[in-house]
Amino acid sequence: WAKAGGARLVWNQNGVAFPAWAGTRATELNRPMAALLKEADFVVYQSAFCRESSNRHLGSTDRPHAILFNPVNLREFRPAERRPEAQPWKLLVAGTHHQRERVLLPLEALRNMLDAGLEAQLTVAGELRWPHGTREVAAEIERLNIGDKVNVVPPFTQNEAVTLYQTHHVLLHLKYQDPCPTVVIEAMACGLPVIGSASGGMPELVGEDGGRLMEVPLGFEKSAYPGAEVVAEAVRKLMRGNWREASERARVRAERLFDANEWVNEHTRIFGQVLT
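A brief look at the structure comes next. The numbering scheme is per chain: residues are counted from 1 as the chain's sequence reads. Local features in this predicted model are restricted to residues of pLDDT 70 or higher, and side-chain atom pairs are both shown and tallied only at a pLDDT of 80 or more, whereas totals for entire chains, interfaces and linings draw on every residue. The side-chain values count all of the structure's non-hydrogen atoms but skip hydrogen atoms and water molecules.

### What about the overall build of the protein?
For step 1, the next point in the chain: The helix and strand tally for the protein stands at 11 helices and 9 strands.
For step 2, the next point in the chain: As a reference, a globule follows 2.2 Å times the number of residues to the power 0.38, and the radius of gyration itself is taken over C-alpha atoms. Relative to the compact-globule value of 19 Å for 276 residues, the protein shows a C-alpha radius of gyration of 20 Å, a close match.
For step 3, the next point in the chain: Principal-axis analysis of the C-alpha atoms places the extent of the protein at approximately 65 × 45 × 30 Å.
For step 4, the next point in the chain: Burial analysis of the protein (276 residues in total) assigns 49% to the buried set.
For step 5, the next point in the chain: Within the protein, contacts between residues separated by at least 24 positions form 71% of all contacts whose residues are at least 6 apart in sequence.
For step 6, the next point in the chain: For the accessible areas, the method is Shrake-Rupley and the probe is 1.4 Å, while residue cover comes only from the protein chains on display. When the accessible surface of the protein is summed, it comes to about 13,600 Å², and 49% of that surface belongs to carbon and sulfur atoms. Working definition: helices are DSSP H or I runs of at least four residues, strands are E runs of at least two. Numbering for both runs from the N terminus. Buried, partly exposed and exposed residues are distinguished by accessible area as a fraction of the type maximum, computed with a 1.4 Å probe on protein chains only: under 20%, between the cut-offs, and over 50%, respectively. We call two residues in contact when some of their heavy atoms are within 4.5 Å.

### Here we look at the side chain of Ser247
For step 1, the next point in the chain: Positionally, Ser247 belongs in helix H10 (residues 243-257).
For step 2, the next point in the chain: Classification of Ser247 as buried rests on a relative accessible area of 0%.
For step 3, the next point in the chain: Side-chain atoms alone can form a polar contact between residues adjacent in sequence; in general such a contact is a pair of N or O atoms within 3.5 Å, and within protein one must be able to donate a hydrogen while the other accepts it. A polar contact of 2.6 Å, which involves the side chain of Ser247, links it to the backbone oxygen of Gly191.
For step 4, the next point in the chain: Excluding anything up to four places from it in sequence, Ser247 contacts Arg83, Gly191 and Pro193.

### What about the sheet that holds strand E6 (residues 150-153)?
For step 1, the next point in the chain: If you walk across this open sheet you meet the 6 strands as E6-E5-E4-E7-E8-E9, and the pairing is parallel. In this open sheet, the two edge strands, each paired with only one partner strand, are E6 and strand E9 (211-214). Along the sheet, successive strands turn relative to each other by an average axial angle of 20°, direction set aside.
For step 2, the next point in the chain: The pairing of strand E4 (residues 89-94) with strand E7 (residues 170-173) spans 2 bridges and is parallel. Counterpart to Leu92 in the pairing with E7 is Leu171.
For step 3, the next point in the chain: Here helix H7 (residues 182-189) sits on the sheet in contact with E4, E7 and strand E8 (194-197), set at roughly 170° to E7.
For step 4, the next point in the chain: In this fold helix H9 (residues 228-240) packs onto E4, E7, E8 and E9, with an angle of close to 160° to the strand it touches most, E9. Strands are treated as partners if at least two bridges between them are detected by DSSP. Only C-alpha atoms enter the line fits that serve as axes; for helices the fit covers just the stretch in contact. Angles between N-to-C directions range over 0 to 180 degrees.

### A look at the pairing of E8
For step 1, the next point in the chain: Two elements, E7 and E8, share 3 bridges in a ladder whose sense is parallel. Its bridge partner lying in E8, His173 is registered against Gly196.
For step 2, the next point in the chain: Seen with the strands pointing away from the viewer, any crossover whose path from the first strand over the helix to the second strand runs clockwise is right-handed. The β-α-β motif built from E7, the intervening H7 and the parallel element E8 has right-handed crossover chirality.
For step 3, the next point in the chain: Relative to E9, E8 is paired through 4 bridges, and the arrangement is parallel. Directly across from Val194, in E9, lies its bridge partner Gly211.

### Some words on the packing of helix H4 (residues 101-115) against helix H5 (residues 133-144)
For step 1, the next point in the chain: At a minimum axis separation of 10 Å, H4 and H5 run at an interaxial angle of 10°. Here H4 is positioned roughly parallel relative to H5, judged by the angle of their axes. Note on packing geometry: the crossing formed by H4 with H5 is right-handed. Counted together, Val103, Leu104, Leu107, Glu108 and Arg111 of H4 and Glu136, Val137, Glu140, Ile141 and Leu144 of H5 form the full contact between these two elements.
For step 2, the next point in the chain: When residues are grouped by polarity, Ala, Val, Leu, Ile, Met, Phe, Trp, Tyr, Cys and Pro land in nonpolar, Asp, Glu, Lys and Arg in charged, and all others, Gly among them, in polar. Residue composition of the contact of H4 with H5, grouped by class: 6 nonpolar, no polar and 4 charged. Each angle is binned into one of four classes, with values under 35 degrees roughly parallel, values over 145 roughly antiparallel, values of 65 to 115 roughly perpendicular, and all other values oblique. Two helices cross in a left-handed way if the nearer one is turned anticlockwise from the farther one by less than a right angle. They cross in a right-handed way if the turn is clockwise.

### With respect to the sheet that holds strand E3 (residues 65-67)
For step 1, the next point in the chain: Reading across from one edge, E1-E2-E3 is the order of the 3 strands in this open sheet, with parallel pairing throughout. The sheet is open, and its two borders are formed by strand E1 (10-13) and E3, each paired with just one other strand. In this sheet, neighbouring strand axes are inclined to one another by 20° on average, regardless of whether the strands run parallel or antiparallel.
For step 2, the next point in the chain: Bridge count between E1 and strand E2 (residues 42-45): 4 bridges; the pairing is parallel. Along E2, the bridge assignment pairs Gln13 with Tyr45.
For step 3, the next point in the chain: Helix-sheet contacts for helix H3 (residues 48-57) involve E1, E2 and E3, and the interaxial angle to E2 is about 120°.

### Remarks on the side chain of Gln99
For step 1, the next point in the chain: Of note, Gln99 is situated in the loop between E4 and H4.
For step 2, the next point in the chain: Of the residues examined, Gln99 reaches a relative accessible area of 18% and is grouped as buried.

### Notes on the packing of aromatic side chains
For step 1, the next point in the chain: Stacked, tilted and edge-to-face pairs are distinguished by plane angle, under 30 degrees for stacked and over 60 for edge-to-face with tilted covering the rest, among Phe, Tyr and Trp rings (Trp via its six-membered ring) whose centres lie within 6.5 Å. A full pass over the atoms with the stated rule returns 6 aromatic pairs.
For step 2, the next point in the chain: Geometrically, the ring pair formed by Phe49 and Phe220 is stacked, given 6.1 Å between the ring centres and 15° between the ring planes. Within this pair, whereas Phe49 is found in helix H3, its partner Phe220 is found in the loop between E9 and H9, the two being separated by 171 residues in sequence. No difference in accessibility class separates Phe49 from Phe220, as the two residues are buried.
For step 3, the next point in the chain: Taken together, a centroid distance of 6.4 Å and an interplanar angle of 55° make the contact between Tyr176 and Tyr225 tilted. With Tyr176 in the loop between E7 and H7 and Tyr225 in the loop between E9 and H9, the pair connects residues that are 49 residues apart, well separated along the chain.
For step 4, the next point in the chain: The exposure class of Tyr176 is buried, given its relative accessible area of 5%.

Remember that the coordinates give geometry; whether it matters functionally is a separate question.
Set out below in C-alpha cells:
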C-alpha cells in the first residue's frame, strides 16, 4: 500500500528463522520477511551474518545494501568512574532468555569456578522466557548449591541496564547464532568484556578486542554450545589477565563500531540516496 503511494522502503534485516530454533515453522516464519525484502529499495543488514543468513533463508536480492551494527548511546552507556573491586569476580547474564542454555550453562560454569576455589558471583537479569524457565533455574541453583552466589533479577529498563553493566566484570552471552545482540554492544560500551559463542554475528561484534569467544560447530539445523568447563576456563583466563586493559579495549571497540551518532548519520545518507 505504501509503495503504491510512492513511498520508498528501507528494510532493516536482523535474524531469520532456521530449524535450530524454529523447527518445522522456519519456512512459515520467514515467508513474510522474504516477501517484504523483495519490496525494499535499500536493505540494511545488522551484520554480515544477517546478510548471509538472509540470502540463505529468505533469498538473495539485488537491492543496494549496507551492513550497520546496532547502535548504542556512548554518553549514556559508559564505564563507571569507579570500577568493581577485583574480588569477587562478578559475572552477568542479561537479556531476554529464550534458550535455557543461556542461563543454565553459566550456572554450571559458576559451580566449576567455586569448586576450583575461585571467588565468583553470577547475576541473571531479564525474562526467562522458555517454558517453566523460572522454575527450572531455581531448581538448578538448588541442585548446584549456589544460592548464595547467584542473584536473579527481573526484566530491567535501559537506565537499570547501565548500572548492571557497570557493576560487573564480564558478560556471558552464549546464545547460538545470535545475529546482532544489543546486550553485547551495550556491555562493551560500558567496558564489560564479553565471553560468548563464536557464532552468528558475535565474531564481528566482539572481535579480538571485546572479550573471548569459544568455538562451536556452525550450522542452522542444530544449536551448539561450549561445555560449562570451557566457559569457566574462558572466565579464568580473562580475569587472571589484565582485566582493566580488556575493559578499556572493549570500550574503544564500542566507540569505533557502535556509535549511535554515526548510525544516524549513515541512515541520513541512505535515505537521501534512496529518495534521489
